[in-house]
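Chain residues, written in single-letter form:
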Amino acid sequence: MPSKIKIEIRAELRDSQGKLIKRFPWKKANSLLKQFLQALAVQLSQVAQTIKGTDNSDNSTSPQSSMLQVNAGAGIITWGMLIGTGTTAVTMTDYKLAALVTANIAHGAATFAVENPDVSTWRLAMSRVFTNNTGASLGIREVALYTDMAAYAAMVCLERTLYSVDVPNGVAVTLTYRITVSL
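Notes on the structure in this doc start here. (Residues numbered from 1 in each chain as written. Predicted model: local features only at pLDDT ≥ 70, side-chain atom pairs only at ≥ 80, totals over all residues. Heavy atoms only, no water.)

**Details of the overall build of the protein chain**
Thought 1: Within the protein chain, the regular secondary structure consists of 1 helix and 12 strands.
Thought 2: Here the C-alpha radius of gyration of the protein chain, 16 Å, is about what a compact globule of 183 residues would show, namely 16 Å.
Thought 3: Across its three principal axes, the protein chain shows a C-alpha extent of roughly 50 × 40 × 30 Å.
Thought 4: Looking at the protein chain as a whole, 41% of its 183 residues are labelled buried.
Thought 5: Counting only contacts in the protein chain whose residues sit at least 6 apart along the sequence, the fraction spanning at least 24 positions is 67%. (Helix = DSSP H or I, 4+ residues; strand = E, 2+ residues; numbered from the N terminus. Rg over C-alpha atoms; globule rule 2.2 N^0.38 Å. Buried < 20%, exposed > 50% of the residue type's maximum accessible area, 1.4 Å probe, protein only. Contact = heavy atoms within 4.5 Å.)

**Some details on the pairing of strand β5 (residues 58-61)**
Thought 1: Residues of β5 alternate between two faces, with N59 and T61 buried on one and D58 and S60 left unburied on the opposite face.
Thought 2: Relative to β5, strand β4 (residues 49-52) is paired through 4 bridges, and the arrangement is antiparallel. Note on β5: the bridge partner recorded for K52 is D58.
Thought 3: The turn linking β4 back onto β5 is made up of 5 residues, and N56 within it adopts a positive phi angle of 70°. (Pairing = 2+ DSSP bridges.)

**Considerations on unusual backbone geometry**
Thought 1: A positive phi is found at N56, a non-glycine position, where the angle reads about 70°.
Thought 2: By the secondary structure assignment, N56 is in the loop between β4 and β5.
Thought 3: With a relative accessible area of 41%, N56 lands in the partly exposed category.

**A word on the pairing of strand β8 (residues 111-118)**
Thought 1: Of the pairings in the sheet, the one linking β8 to strand β9 (residues 121-132) comprises 6 bridges and is antiparallel in character. Note that in β9 the partner of D118 across the bridge is T121.

**Description of the nonpolar core**
Side chains of a nonpolar character, in soluble globular proteins, are inclined to be buried together.
Thought 1: Among the nonpolar cores identified, the biggest contains 32 residues, and V165, V173, L175 and Y177 are the most heavily contacted of them.
Thought 2: Beyond its immediate sequence surroundings of up to four residues, V165 is in contact with A11, L13, F24, L138, G139, I140, R141 and V173. (Core = buried A, V, L, I, M, F, W, Y, C linked by side-chain atoms within 4.5 Å.)

**Some remarks on the environment of P2**
Thought 1: By secondary structure assignment, the location of P2 is in the segment before β1 (4-14).
Thought 2: What makes P2 exposed here is its relative accessible area of 64%.
Thought 3: Remark: the alpha-carbon pair of P2 and H107, spanning 105 residues in sequence, is separated by 38 Å.
Thought 4: Non-local contacts of P2, meaning those with residues more than four positions away in its chain, are made with S182 and L183.

**Observations concerning the environment of F130**
Thought 1: Along the polypeptide, F130 turns up in strand β9.
Thought 2: Judged by its relative accessible area of 1%, F130 falls in the buried class.
Thought 3: The contact partners of F130, leaving out residues within four places of it in the chain, are M81, L82, I83, I105, A106, H107, V171, A172, V173 and L175.

**Some words on the pattern of salt bridges**
Side-chain pairing between opposite charges can occur once the charged atoms of the two side chains come close.
Thought 1: What the rule picks out here adds up to 10 salt bridges.
Thought 2: For R14, the salt bridge identified is with E12, shortest N-O distance 3.3 Å.
Thought 3: For R14, a relative accessible area of 27% gives the class partly exposed.
Thought 4: The partner of D94 in a salt bridge is R160, with the nearest N and O atoms 2.7 Å apart. In this pair, D94 is assigned in the loop between β6 (80-84) and β7 (105-107) and R160 in strand β11 (residues 154-167), connecting sequence segments 66 residues apart.
Thought 5: Each of R10, E12, R14 and R23 takes part in one network of salt bridges that share partners. (Salt bridge = Lys/Arg side-chain N within 4 Å of Asp/Glu carboxyl O.)

**Structural notes on the sheet that holds strand β10 (residues 138-149)**
Thought 1: Overall, antiparallel pairing links the 3 strands, which are arranged β6-β10-β11 in an open sheet. Of all the strands in the sheet, just β6 and β11 have a single pairing partner and so form its edges. Recorded for the sheet is a direction-independent mean angle of 25° between the axes of neighbouring strands.
Thought 2: Bridge count between β6 and β10: 5 bridges; the pairing is antiparallel. Each residue of the ladder has a partner; that of G84, found in β10, is E142. (Axes fitted to C-alpha atoms, helices over the stretch in contact; angles between N-to-C directions.)

As structure tokens, this is what we get:
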């Protein structure tokens, strides 16, 4: 049986007491971008490549431990899983969110879980909580994974997905990416 890789995303809304308001179904992610494959190639081959940063600069990169890191801590708004309001269609050459949103949004720490739901399936779940403190409803329309390639002082967008969820003021949304590999 051929192996399969599936990337999905979903959201959960919780009130200020942590009570679940709504859980959205899993949706296929638009997916990994050119920069993801370039970063993976650098790590696997141990050979440098030029990778476009979120500031549209070209960065000559060599293997490093932080090349695929998206484990941003609480309060970090420049990398990790990030949100935006842009609706521009995703293309392989995207290098950033169309309209990054950081003002009046509390960014929680990234969490990770490796799961083994059956004998031929393994998956990685990556989550981050965003709390809307804007004073109005927030229309999230895109989600991305930015890595902090610290050795090059560059942020690189690895994945961008159009994903629509409206978050009322004072409500927290947990966004979860799930990468599943099955045989």
